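What the coordinates show
One letter stands for each residue in the lines below.
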Amino acid sequence: MSSPLKEEEEEEEEDAGRRQRMERYTSRSGYDGGRKGNLASEYHDSDFDWMELREEAEKILSSKEEGNHERERGGDDEKDGGIEKLGDQGKAWEKFHNKVNSTAKFFKEKRYILQEFPALLEENVLEVCEFGCGNGSTVIPILKGNPLARVTAMDFSESAVEHTRQAVEREGFESARCTVMTRDLSSGVVVEEEGGSGEEGKFDAVLMVFFLSAVPPPKMDKAIGNALHLLKPGGRVFFRDYGMFDLTQLRFPQDQKLGSKLYHRGDNTLSYFFTLEDLAAKFEGEGFETVETDYACVELYNRKKDFEMRRVFAHGVFRKPLR
Ligand SMILES: C[S@@+](CC[C@H](N)C(=O)[O-])C[C@H]1O[C@@H](n2cnc3c(N)ncnc32)[C@H](O)[C@@H]1O
């Protein structure tokens, strides 16, 4: 696995499969796009059993380590061992977005987010903030799916922010419905630097889609703390990211391993694989309540290569306590 783009393509294949499954679900239940029913509990994919995969995956990972004693780098995920050598993460992502966004085909709406988190369509979810918005592929479906919502999209890459802005313009949304900001979400208290611009406690929802896995583990608490700061009491974080033993983890070369769950890609961007226990501990450690966590276990078939892929995604909803 060498680039986030490749991973995104596979995510897209997942999206297509997911749509088919949703269509099947729609015909059975008359699903209305999430406005009335609570689909979330039925929706999590379980094409295979995570515990069974775990057994197999642990063998694969340990056999990689056996053959690579000298190069083994699986240290403590929470320490900065090896991350510094990769250089500035902001620069690595900027380079990625510059390169990838110059190819228009990269932009694909992540519509499945509305199916995974039907709560984003609730009428009382009016202010949504996306952390690490990339090129806007999640912002657009939210603006389309919930006509009452306003979205504030943040990313530390200028190029990502610019591409999100362009995507919003291209779709013709009123500018008042979407604010796009360049922010490093893993350092200090975000937005406060603007002189307390009234963002604290403003949001009903914070979305983290393949964001936290890109943040160095020692800084994840800052990013989660920023979400807590920006949410209203009772506001929720909607989380989807790479799950432990995902195919992309098993494919990483051993010399790109930085910790038991942490890897770096060839372009020096980070990729972290969450267990549900780890995920809940990280959010609860910053003061959130866990509403739900689950592994979405999705089996995909690549017809061209006649190859089955087992993807694991970590799903979570976390609430800011009322007081
Ligand atoms: C894997 S991409 C996901 C993008 C988008 N959420 C999606 O699903 O298509 C991770 C994004 O997080 C951004 N990012 C990583 N660390 C960040 C930080 N500390 N502050 C703000 N954005 C960050 C990167 O620039 C990148 O756009």
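What counts and how
- Residues numbered from 1 in each chain as written.
- Predicted model: local features only at pLDDT ≥ 70, side-chain atom pairs only at ≥ 80, totals over all residues.
- Helix = DSSP H or I, 4+ residues; strand = E, 2+ residues; numbered from the N terminus.
- Buried ≥ 20, exposed ≤ 12 C-beta atoms within 10 Å, placed from the backbone.
- Contact = placed C-beta atoms within 7 Å.
- Expected span 1.5 Å × (residues − 1).
- Pairing = 2+ DSSP bridges.
- Axes fitted to C-alpha atoms, helices over the stretch in contact; angles between N-to-C directions.
- Near = placed C-beta within 6 Å.
- Nonpolar A, V, L, I, M, F, W, Y, C, P; charged D, E, K, R; others polar.
- Right-handed = clockwise from strand over helix to strand, strands pointing away.
- Core = buried A, V, L, I, M, F, W, Y, C linked by C-beta atoms within 7 Å.
- pLDDT = per-residue confidence, 0-100.

**A closer look at the overall build of the chain**
Per the secondary structure count, the chain includes 10 helices and nine strands. By the burial criterion, 40% of the 323 residues in the chain qualify as buried. Considering only contacts within the chain whose residues lie at least 6 apart along the sequence, 78% involve residues at least 24 apart.

**With respect to helix 7 (residues 158–170)**
Taking 1.5 Å as the rise per residue, helix 7 with 13 residues should run 18 Å; its terminal C-alpha atoms sit 18 Å apart, in good agreement. Those residues of helix 7 lying buried are Ser159, Ala160, Val161, His163, Thr164, Ala167 and Val168. Trailing helix 7 by a residue or two, glycine 172 shows a phi angle of about 75°, which is positive.

**Side note on the sheet that holds strand 3 (residues 178–182)**
Strand order in the open sheet made by the seven strands is 3-2-1-4-5-9-8, with mixed pairing throughout. With one partner strand each, in any of the chains shown, strand 3 and strand 8 (289–302) form the two edges of the open sheet. Strand-to-strand twist across the sheet, computed as the mean angle between neighbouring axes with direction ignored, equals 15°. Pairing analysis gives six bridges linking strand 4 (residues 203–209) to strand 5 (residues 231–242), with the strands arranged parallel. Following the sheet pairing, phenylalanine 203 is matched in strand 5 by leucine 231. Against the sheet, helix 7 makes contact with strand 2 (150–155) and strand 3, and its axis sits at roughly 170° relative to strand 3, the strand it touches most. Set on the sheet, helix 10 (residues 276–285) makes contact with strand 8 and strand 9 (307–319); between it and strand 8 the angle comes to about 145°.

**Remarks on the site of the ligand**
The environment of the ligand is formed by 21 residues, the closest being Trp93, Gly132, Gly134, Phe156 and Ser186. Tallied by class, residues from the shell around the ligand come to 11 nonpolar, seven polar and three charged.

**A short note on the pairing of strand 5**
Strand 5 sits mainly inside the fold: nine of its 12 residues count as buried. Between the parallel elements strand 4 and strand 5, the chain passes through helix 8 (residues 217–230) in a crossover that is right-handed. Pairing of strand 5 with strand 9 involves seven bridges; the strand directions are antiparallel. Its bridge partner lying in strand 9, tyrosine 242 is registered against phenylalanine 313.

**Section: the nonpolar core**
The biggest cluster of nonpolar side chains holds 74 residues, and the ones touching the most others in it are Leu120, Val128, Phe131, Val139, Val206 and Met208. Looking at which element gives the most residues to this core, the answer is strand 4, with six residues.

**Side note on unusual backbone geometry**
Phi is positive for phenylalanine 210, which is not a glycine, with a value near 50°. Considering the arrangement of structural elements, one finds phenylalanine 210 in the loop between strand 4 and helix 8. Exposure remark for phenylalanine 210: the 20 C-beta atoms within 10 Å place this residue in the buried category. At phenylalanine 245, a residue that is not glycine, the phi angle is positive and equals roughly 75°. Relative to the helices and strands, phenylalanine 245 is located in the loop between strand 5 and helix 9 (247–251).

**Observations concerning the confidence of the model for the chain**
Within the chain, residue pLDDT values average 83, and 77% of them lie at 70 or more. Mean pLDDT in the chain bottoms out at helix 1 (residues 4–29), which sits at 44, and peaks at helix 10, which reaches 98. Within the model, the stretch residues 12–42 combines pLDDT values under 50 with 28 contacts to residues more than four positions away or in other chains.

**Points about the environment of aspartate 267**
The residue aspartate 267 is located in the loop between strand 6 (262–264) and strand 7 (270–272) in this model. A tally of 16 C-beta atoms within 10 Å means that aspartate 267 is categorised as partly exposed. The spacing of aspartate 267 and lysine 95 is 172 residues in sequence and 8.6 Å in space, taken between C-alpha atoms.

**Thoughts on the environment of leucine 250**
Among the structural elements, leucine 250 can be located in helix 9. Here leucine 250 is in contact with Ala57, Ile60, Leu61 and Phe245, once residues within four sequence places are set aside.

**Some details on the environment of leucine 121**
Checked against the element boundaries, leucine 121 lands in the loop between helix 5 (112–116) and strand 1 (127–131). Accessibility expressed as a C-beta count within 10 Å gives 20 for leucine 121, which makes it buried. The spacing of leucine 121 and leucine 143 is 22 residues in sequence and 9.8 Å in space, taken between C-alpha atoms.

**So, the pairing of strand 1**
Burial runs high along strand 1: four of the five residues are buried. Of the pairings in the sheet, the one linking strand 1 to strand 2 comprises five bridges and is parallel in character. Counterpart to glutamate 127 in the pairing with strand 2 is arginine 150. With four bridges connecting them, strand 1 and strand 4 associate as parallel partners. For valine 128, the partnering residue across the bridge sits in strand 4 and is alanine 205.

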